[in-house]
Amino acid sequence: MTPAPLRDHAWLKIAVGLSTSMPGELQFRRLVQAICEVLPCDAVSLLQLRDGILVPVALQGLAPELIGHQFRPSEHPRLAAILASREPVRFPDDTDLPDPFDGWLAIDPERRADVHACMGCSLYVDHQLVGALTLDALTPGVFDTVDDMTVAAFAALAAATLRNVALLHSLEQAKAQQQALAQELVQEARQREGELVGQSPVLQRLRQEIRLVASTDLAVLITGETGTGKELVARTLHAQSRRADQALVHLNCAALPESIAESELFGHCKGAFTGAVSERAGKFELADGGTLFLDEIGELPLALQAKLLRALQQGEIQRVGSDKLKRVNVRLIAATNRDLAQEVDAGRFRADLYHRLKVYPIAVPPLRAHLEDLDHLCGYFLQQARSRLGVAPVGLHPEALAALHQYDWPGNVRELEHLLLRASLKAAQQEPTRPLIRLPHLGLSAGTLAPQPMPDAQRVNNLPGLRDAVEQYQRQLIEQALARHEGNWSAAARALQLDRANLNRLAKRLGLAS
Ligand SMILES: Nc1ncnc2c1ncn2[C@@H]1O[C@H](COP(=O)(O)OP(=O)(O)OP(=O)(O)O)[C@@H](O)[C@H]1O
């Protein structure tokens, strides 16, 4: 066929459609319109193969309601023949094979005319069958003048359009998935947002600091011993910031094998390394608009520290395997129980990153520095334990509370939380209706208890008599034995070389048992 100027125009329109991201439906429609302009046909259909069924995605010259139909190739021999061939297929005008579009031509509103001339071409993308293009006309023999090359060129364009639209669709899906994931993280952050319990001056100051820095976008470095509540402080800070409606993305740098650390932080492209089977966003991208919480930052490998610094300085990240930079707007909160200044001196942490992170340092105090909050914290965790274990309200014997006040809490608030959970379980097992945590339930051996300081006045004026001192010593020995044998009175009696009844009597007299 000799291409006419109008026809050149049609090719151009298709090419422009392919190079833009116009909606899929529109691209398909433009394509079939252009084919009708170039070729002498009355009807064109572009069919997409979905799970073995041909589904019309664009029609020209055919009844519009056909768009909702589905065509099983096994029920339509002409379509089956088109799919079975890599070359354009022409059907003789007098073929016995029924045409799927008989009676559906739009120029025949009575739906009476049968299609006379018919041809079609299968569509392939990367050697994969993706659909079919069909051309129909009422005039017999009209396609005899159309050469295979022109039809094959249209088929290639149709296949490219199908691929283009599928690609755009999957990109949109990936974006939607990413947004859904970010939203999930926001929800999770809200659910896990605990309450910072305590009214001591130390905690009041901590709360003030959180409030002060929350309203800014400054990087915050939270330091403190393990279990002091650094993560809780980070969550509270995010919840009080203007990013509260966006994600708080948590990354524990200590649990990050060096080999995947970069991809976890910055994401990767498909094929960037073995196992990178698909494109994946990193934590930085997921936190875009929100907060990235890097826990245990002191454990981040040196090589990654340099990349993190660059991302913070430039506000741009690069997925592993990609040469494109992506702008991100992320507020960083980092936490560590290491002395980062010391790590810098030892050459294990970059000084420039350290200074960048500690724009606003917050030190979370150890529990022994705010023991005034202990009663309040106990109440809070006992209530939590009760609902977690599904038991009756759990009480705390004054002696047990006194022992908790004597302990020096190397594991801080987390240790208290776990200890009370364990003790609640033991107490509820012994007294299900009115569980009461007693000294032995705590499992604290006397050796771990710090000596209780005696008030000065008592020390001078109120020295214990011998009897009191002996009783105190007996009490201590019994408590130790009970703690060592997890509250088992018979085992404790054996360890103390007493019989069980004598131990009971003695314990009652000393106020250790009722
Ligand atoms: N003041 C507090 N009020 C209520 N709960 C607290 C408080 N401080 C800590 N907790 C609780 O103690 C547990 C440990 O806290 P968190 O995980 O925040 O500690 P961390 O300092 O981040 O520990 P690590 O350094 O080991 O990661 C959590 O369950 C937390 O909710």
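Remember, it's a predicted structure, so these values are computed and weren't measured experimentally.

Take glutamate 231: it is sitting in helix H6 (residues 230–240). Separated by 64 residues in the primary sequence, glutamate 231 and aspartate 295 have C-alpha atoms spaced 7.6 Å apart. Aside from chain neighbours lying at most four places away, what touches glutamate 231 is Asp295 and Ala335.

Moving on to the confidence of the model for the chain. Of all residues in the chain, 87% have pLDDT values of 70 or greater, and the mean over the chain is 84. Here residues 1–6 is a poorly scored stretch, pLDDT under 50, and it has six contacts once near neighbours within four places are set aside; other chains count. Scored below 50 in pLDDT, residues 450–463 makes five contacts in the model with residues more than four places away or belonging to other chains. As scored by the predictor, the complex reaches a pTM of 0.57 and an ipTM of 0.98.

Here we come to the site of the ligand. Taken together, 17 residues lie near the ligand, and Val197, Gly229, Lys230, Glu231 and Val413 sit nearest. Secondary structure elements with two or more residues in the shell around the ligand: H6 and helix H14 (412–430). Viewed by domain, the shell around the ligand spans two of them, domain 2 (193–365) and domain 3 (372–453), each represented by three or more residues.

So, on to the sheet that holds strand E10 (residues 291–295). If you trace the five strands from one edge of the open sheet to the other, you get E7-E10-E13-E6-E14, paired in parallel fashion. Because the sheet does not close on itself, it has two edges, and the strands there are strand E7 (248–252) and strand E14 (360–363). Averaged over all pairs of adjacent strands, the angle between strand axes in this sheet comes to 20°, irrespective of strand direction.

Quick notes on the rules
- Residues numbered from 1 in each chain as written.
- Predicted model: local features only at pLDDT ≥ 70, side-chain atom pairs only at ≥ 80, totals over all residues.
- Helix = DSSP H or I, 4+ residues; strand = E, 2+ residues; numbered from the N terminus.
- Contact = placed C-beta atoms within 7 Å.
- pLDDT = per-residue confidence, 0-100.
- Near = placed C-beta within 6 Å.
- Domains from an automatic or database assignment.
- Pairing = 2+ DSSP bridges.
- Axes fitted to C-alpha atoms, helices over the stretch in contact; angles between N-to-C directions.

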